[in-house]
Each structure stands twice: as C-alpha cells, then as structure tokens.
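Reading the structure
Read off the chains here:
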Amino acid sequence: MVCRGWKATSVASDRSEGDRAPGPLWSEPGSLLEHVPVAVLGIDEDNRIRYWGPGAEGLFGHDSAEVLGKAAAVLFPDGPDDSPGPSVQLAERGRTLGYWRGRLPARHRNGEVFDCGFRAFRVVGTDSGSMVLALASRSDVLDRVKTNLAFLDSLFETTPIGLVMLDDRLRYVHLNQALADMDGVSIEEHIGRPMEDIMITSDGGAYRRMLRSVAEEGRAVAGVLVGLRTPGHPDLDQVRSVSLFPLSGAVGTRSGVGGLMVDVTEREQAIMEAGAARRRLDLLARATARIGTTLDVDVTAREVVAAAIPDFCDAAVVEVVEWMDERAVFDPQQPLVTRRIASGTVLPPPAGELVGGLDRVTYPPDSSIHRTLRSGRPLYVPVDDEFMTRTVIHQARAQLLKDSGLTGLVIAPLIARGTVQGISVFGRSAARPAFTEEDLRLAGELSSRAALCLDNARLYSRVQDIALTLQRALLPSALATSPHVQVAHRYVPGSQVTEVGGDWYDVIALPGDRVALVVGDVMGHGVRAAADMGRLRITAKALARHNHEPADLLAELDACAQEAGIELATCLYVSYDAATGRARIANAGHPPPLVRHPDGTVETLSEVLGVPLGVGGHPFRTIETDIPDGAILALYTDGLVEVRGHDIEEGLAAVCAELSQVADPLETMADRMLSRLLPDPPSDDTVLVLARVRRSTAPER
C-alpha cells in the first residue's frame, strides 16, 4: 500500500476519542466497526511508534504524548531474552508479508495483559520511507462479534420465522427463504418491490400505516395479527403474527424497518373453529331451552326462528306440510304444499316480504325440498339459477329471493317418529361466512328438536281436539225452557296451554212448573275428564226426571262416581218451584250459588256446602229458601273465582260486585261479567249460568 505524501515523522491523531469525524479509519454509526472498537497505530523502521490513531488510547490506555517516538515494545509484554519481542514480530511480518493478521499478547497502561488481534500492512511514503500500519482490537470482543454474526447467519438461513428488512420507502431490501416460502415468491422477486405488492391486505391501509409509524416514529410493535394474501398463494387466506422494529440507517439516510413474521394461520383457524364450536354449542343449548316451552305448533315454530336469528343466520322460516290425508306418505314425485307458520329476518327489504309474504308454498317434484325430505338430512343449496329453476316456481318470488341478499340456504327436514312435519330453512347473506358442515349439523340438531316439539304439539292438539269435541258433544245442545225461568249460559274453555276440563251444566224441566239448574266440575283435564263429565251430566238429568230430592240425587251421583272410578267431582243442584217461589238446593263441594235480589243486593247461599262426589261415606242434605220474584240466580264453576295469586274470597267478592251492577238483559250481564272477571287468556274452563226467576200465577200448594 502506498501512502502518497507521507513523511516518516512522528504523527499524532488530531481527533479525540469522542470525535467521530473522518480519519484514516472511521466507522459510521450503525456499522460493524462501531460495535468493535479498533485501534490504529503506526510503527517505523526503527520499531518506534510514529502514528497513534483513533481508538489507540482506548485500547492501550496511553495518550499520544506518552507513546509517540517511543519503542513499540511498550505496548507488549516482555518476551524471552533470546527471542524478538511481539512488537518486532508484528513490524517484521507487516514489512515482509505485505499484509498479515494474527493474535499477539498486548499490555495495557495499567499492566493488564490481554489477547489482541492485529491486522498489519506496510505503508510507503513519498520520501521512500516506510511504516507498518496496524489495526488492533481485543480478541474477546472480536470473538463475541464473530459468534453473534455466525448466530445471525444461521438464524437467517435456518429459522422457520420469516425475517425481512425494508428500506425507508418500505421496499424489500433483504429477507430469508422462510419468508419467501410463506409468500410463494422468490427472494430475488422481492428485492426492490414495495411491501404492498407482496402482502396484499384488505384492511384499508392499516398495515402500511403501522409500518410507516415504525419507520418514522421508531415505535416497535410485537405480535400483531395481520390477515393477507400473496401473489404466490392467491387463493390462500393467511394470518401472520408480525413484530416490527426500526432499523437505524447510515449517516444521511432515513430509517428502515425490520420484521419477524410467523405464519399462525392454522393456529388462528383452530382458535376460530373452537370459538365457532363453542358458539354453536351455546346456541344449541339456548335453543333447547327456548324451543318447546308450550304445546302449541305456531309458538314452537316461532321459537325455532327466534333461536336461529341472528346468531346462526340472517333469515329463517318454518313450514309445515299440508297433508290432504294424515295417513298419506311423502311421495317425492308429487308436488308438495306447505304452510308457512313462522318467519323472521334481520336483512333490509325486500327480505321481509320474501320470508313473510306467503302463507302457502307449492314446491315442484324433485325440488331441493323434496331432496332433503327424501334423504332426511339437512341440505345446503346456493341461491343460484339452478335453485330458482328447480325449487322456486313463481317468478316474482324468485326475483324477491335474488334481491334479498341471501346467498346460501340450509334446508333441514322436520321429521319425528317417522312423520314428515315440514321443513325449516335458514339463510345467510354475503356479509356472513358461508355455511359449513358443522353448521349443517347444527341446523339438523335444531330441526330435530323442533320436529319433536312440533310432533308433540300436533299430538297434543289432536288429543285436545278430541277432548273438546267430546266435551261439546256431551254438553247440552239445547237447554230446557220455562215461561218462569229465563236463562243465559256460557261455557268458556281454557287457553291453548290448558287442557280441556270437566266443567258442565244443564237446565232440566221438571213436572209442575219446576226447573232444575245443575252445574258441576270433574277434577282433571283431557279426554278422561270430558268423558266423566258426560257420564255425570246424563245421570243427573235422568235422576232429576224421576223427581228425586236434591240430596238423594247427589247421593246417587256419588255412588255412580265411585263405580266409574271418578275420584273427585263437584256438583250444585238447584230445584226452583215457580208456584211457590222456593228453591231446594243440595251441594257436593261446589262453589255456592248467588242470588241477586231485585234491589241489587247479592246473597251467598253457602250454608249447604257438602263433600265432593266420589269421596263416599258422607250424607248430603237439602236446604230450602225463598227466591224473590225477579231475582237472578248465579251458578258458576271455580274458573270464575279462582285467579292465580289471589284468594278465592277475593274472587267471590269480585263476582258479587259484578252481579250487583244494573240488571241488564241476562245475555249482556253474562258477557260483561266474563270479560271483566276472566284473565286473558283464561287459565281454566269456566261455566256461568244466570237464571232470572218469576213466580207463576198458580195458587201456592
């Protein structure tokens, strides 16, 4: 190496240790030399120190005044007497070899001896003089840096983590093979390209803004999840855990960004699938608790829709099959007619009109509905032209479906106990993920639960219809009439959640201007109660026509009840004689009759209360009382006075208060009393009989 204009004179560095202005060897901030302190010194042909450059004082502890012009041996420990010292070896190798590197022991000003690495080469000046220029660093520091570099090289080459360096314009400067494999793009194709050319995100530029913030503000981020696609894997959605940190550039340049990227797509998918599974289980648990709270078909269908929207789908309908004959078997070759009994949607118009604008739907043979009923399993169908053609036969409805925003449907059969009940349909728009196999299974679970509840409701409704039909058949179709007794009667069945009860009543014409009024109630509900009620009513009518005393009639009814296995029933029997204006009364555990006098006062005839029918072993008694001309007798069952949460005395007082009102025509009075006294809907069957009595002109007997 020739150093032009160099003179073989003692030279001291004019730069202080803290001054990093350019010199013979100068390290820019951020370079390797900044992290490895390097001392520069020169040794002349006389083995004296002629140059004391940057870092020399820091490494050896001597300032320039102490060493310039002195023998270089001051920097080294003494060697054996018969061998040249380290300084001589260093200078000689630098002169003879031209360039030499190696390690020699060195000595600090404080006496410490340390291993030092040297680079030595000969420098020739213009006056033909020469000098050996040496670069020196502590060996332990060099070893540490070498180890770190080896580690970094190995990390960059073998780690499965993606490593990347971007410049200040967020262009690829360097990356490892792991990241290239993640992107499906070679390392060479990355270099120089902007980040957004490779990492294609749909976050509105949020990822780029984060990178820019790291580069310009020096704010590191760790473990940020980023969803993306790349040109090398255009159909693969990826999720990466990204950590970014600023990179200090050389003097006069702007900062860049370094990054570590881990592909966590499978992990995130597993987490999302586990979360989705939990949500499906939660939905199924909630649906199980909500579906089937009543034995009403329409209510059950509405519960299915409410359970599915909006957690599972955007729209849902429940339809039941309209069978011409309940014994008919589903035939996939025949059109299918259904009745839509529940619907709902969270989508804007016209989705509401689509799901709720039709009561009856006809599906052609081989439709998607036929396919799912034939297989007995849920079926996913995209809303496309094929579905429109095969399933939606009305063009107007097809257009509504296209405009609704629904992109996919799950059709689930409602089949229970081998009976096809109908279908449930769940729809999603493009704003939600498409239905998965797990969603199909959930739809099947919901529909199975709904089908069983619907079948229970159907069977219950059938039993209710039978019981109600039987009860109505056994109640009197026409009451006996009398010129002396005007009667208004009402029978109010309980609500749909209450089974048909055993309430009954009758008006029986007796010889000699006499009329019998009978009201009873059989304990229990359903077909058995209706049948027991009919047995007691017919028996009471037959006994009354044989002119039995009221107490004797109840005794006969009691025996009949015991023989028939009727455990408990109540009965009130009133025989009114228009000639005398007197009534003979017997009571078997029934609420007492009321008498509204012409002046509006109401009297309760409670002194005749006896034990119910079916108990046996207790005699009944008859009382006789005068009934004023024009008075109104009120007979009723417990549905009129028993209100949940209130004492029966309160109910009786309310009936008396209503009865004391202005004596309207009996029909009007009966309607007014029921509308004001019964809850909506009625909690139990109720009978009310109002009878206005008049004395005959016949002489008293």
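Residues numbered from 1 in each chain as written. Predicted model: local features only at pLDDT ≥ 70, side-chain atom pairs only at ≥ 80, totals over all residues. Heavy atoms only, no water.

To continue, consider the sheet that holds strand S14 (residues 360-363). Across the sheet, which stays open at both edges, the six strands sit in the order S14-S13-S12-S17-S16-S15 with antiparallel pairing between neighbours. Taken across any chain shown, the strands that pair with only one partner, and hence form the sheet edges, are S14 and strand S15 (379-382). Taken over all neighbouring pairs, the strand axes of this sheet differ in orientation by 30° on average, direction set aside. Sheet topology places strand S16 (residues 406-416) next to strand S17 (residues 419-429); 10 bridges connect them, and they run antiparallel. Bridging across to S17, Leu414 finds its partner in Gly422. Relative to strand S13 (residues 336-345), helix H11 (residues 297-308) is tilted by about 50°, and along the sheet it contacts strand S12 (315-321), S13 and S17. (Pairing = 2+ DSSP bridges. Helix = DSSP H or I, 4+ residues; strand = E, 2+ residues; numbered from the N terminus. Axes fitted to C-alpha atoms, helices over the stretch in contact; angles between N-to-C directions. Contact = heavy atoms within 4.5 Å.)

Axis separation between helix H10 (residues 265-290) and H11 bottoms out at 9 Å; the angle between their running directions is 160°. In this view, H10 runs roughly antiparallel relative to H11, as classed from their interaxial angle. Considering the relative orientation of H10 and H11, their crossing is right-handed. Residues Leu283, Ala287 and Arg290 of H10 form the contact with H11, whose own contacting residues are Glu303, Ala306 and Ala307. Looking at the contact of H10 with H11, its residues break down into four nonpolar, no polar and two charged. (Parallel < 35°, antiparallel > 145°, perpendicular 65-115°, else oblique. Left-handed = near helix turned anticlockwise from the far one by under 90°. Nonpolar A, V, L, I, M, F, W, Y, C, P; charged D, E, K, R; others polar.)

Here we come to the sheet that holds strand S26 (residues 632-636). Spatially, the five strands line up as an open sheet ordered S18-S27-S26-S23-S24, and their pairing is antiparallel. A strand with exactly one partner marks an edge of an open sheet, and here the two such strands are strand S18 (485-492) and strand S24 (602-604). Between one strand axis and the next, the sheet turns through 20° on average, direction left out of account. Relative to strand S27 (residues 686-693), S26 runs antiparallel, the two sharing five bridges. Looking at S27, one finds that Ile632 is bridged to Arg692. Helix H19 (residues 648-659) contacts strand S23 (594-596), S24, S26 and S27 of the sheet and is inclined by roughly 25° relative to S23.

It is worth spelling out the nonpolar core at this point. Counting 31 residues, the largest nonpolar core has Ile291, Phe312, Cys313, Val318, Phe426, Phe435 and Leu446 as the members making the most contacts within it. By residue number, the principal contributor to this core is helix H16 (residues 437-474), which donates eight residues. With near-sequence residues (within four places) excluded, Val318 lies in contact with Ala301, Val304, Val305, Arg339, Arg340, Ile341, Ala342, Leu414, Ile423 and Ser424. With 28 residues, the next largest nonpolar core counts Leu347, Ile369, Val383 and Met388 among its residues. (Core = buried A, V, L, I, M, F, W, Y, C linked by side-chain atoms within 4.5 Å. Buried < 20%, exposed > 50% of the residue type's maximum accessible area, 1.4 Å probe, protein only.)

Judged by side-chain polarity, Leu149, Phe151, Leu152 and Leu155 come together as a nonpolar surface patch covering roughly 360 Å² of accessible area. By the secondary structure assignment, Leu155 is in helix H5 (residues 139-158). According to the relative accessible area criterion, Leu155 is partly exposed, its value standing at 32%. (Patch = residues over 30% accessible without salt bridge, like charges linked within 9 Å, V, L, I, M, F, W, Y side chains within 5 Å. Areas by Shrake-Rupley, 256 points an atom, 1.4 Å probe, with all protein chains shown as cover. Salt bridge = Lys/Arg side-chain N within 4 Å of Asp/Glu carboxyl O.)

Turning next to the pattern of salt bridges. For the structure shown, the criterion picks out 32 salt bridges. When the shortest N-O distance is used, the salt bridge between Asp671 and Arg490 registers 2.9 Å. A residue pair is termed long-range when its members are at least 10 positions apart, and Asp671 in helix H20 (residues 666-677) and Arg490 in strand S18 qualify at 181 residues. Salt bridges sharing partners connect three or more residues here, namely Glu549, Arg582, Arg584, Glu624 and Asp626.

Once that is clear, we can look at the packing of aromatic side chains. Taken as a whole, this structure holds six aromatic pairs when the rule is applied. Residues Phe312 and Phe435 carry aromatic rings whose centres are separated by 5.7 Å and whose planes lie at 50° to one another, so their mutual orientation is tilted. Taken together, the residues span a long stretch of sequence, with Phe312 in the loop between H11 and S12 and Phe435 in the loop between S17 and H16 at a distance of 123 residues. Given a relative accessible area of 2%, Phe312 falls into the buried group. Overall, Phe435 belongs to the buried group, its relative accessible area being 11%. Members of the aromatic cluster, each reached through a chain of ring pairs, are Phe312, Tyr380, Phe426 and Phe435. (Phe/Tyr/Trp six-rings, centres within 6.5 Å; stacked < 30°, edge-to-face > 60°.)

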